[in-house]
Amino acid sequence: NQDLADRYDIKNVKVISADRAAAEKALKAGAPVMADLEGGWHWVLVRQSPRGVLWASDPLFSGSIRQIKWGELGTRFEIIVDSGTGAPITTLNSGQFQR
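Reading guide: rules and limits
- For every chain, the first residue of the written sequence is number 1, and numbering continues from 1 onward in sequence order.
- In view of the model being predicted, local features appear only for residues whose pLDDT reaches at least 70, and side-chain atom pairs are presented and counted only at 80 or more, with totals across whole chains, interfaces and linings using the full set of residues.
- Working from all heavy atoms in the structure, the side-chain values ignore hydrogens and water.
- Buried Ala, Val, Leu, Ile, Met, Phe, Trp, Tyr and Cys residues that are joined via side-chain atoms within 4.5 Å together make up what is termed a nonpolar core.
- Under the scheme applied here, a residue whose accessible area is under 20% of the maximum for its type counts as buried, over 50% as exposed, and between as partly exposed, the area being computed with a 1.4 Å probe on protein chains only.
- Should any heavy atoms of two residues lie within 4.5 Å, those residues are considered in contact.
- Note on conventions: DSSP H or I runs of at least 4 residues are helices, E runs of at least 2 residues are strands, and numbering of each starts at the N terminus.

(A) Examining the nonpolar core more closely. V33, L37, V46, I68 and L73 are the most contacted members of the largest nonpolar core, which has 17 residues in total. V46 has contacts with L27, A31, P32, V33, A35, L54, W55, A56, I68 and L73, leaving out every residue within four places of it along the chain. One finds Y8, I10, M34 and I80 within the second-largest nonpolar core, a separate group that totals 9 residues.

(B) Representation of the environment of F77 in the model. Mapped onto the elements, F77 comes out in strand 6 (residues 77-82). The class for F77 is buried, based on a relative accessible area of 3%. Separated by 41 residues in the primary sequence, F77 and D36 place their C-alpha atoms 6.7 Å from one another.

Below is the structure:
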């Protein structure tokens, strides 16, 4: 959770493991998902725009936000949820999680 705060300025959240179907459902609902795009435990934050475009944010590399395709999501996922309620965070309730 400290990495989420340091890298993405997100607070009061935790991550829960998810399968691909749950991760895709969360993305389509507007929730951010951590995905291991490259394999080897290098996780990046993925969001879906209102127009359905997937964006991956990786602050460890320059040019850190890039558009990706659904096929690039990889096989391991974690959904970012409210640490108190366990509900996925979305654009509608994101203000309370911003640092």
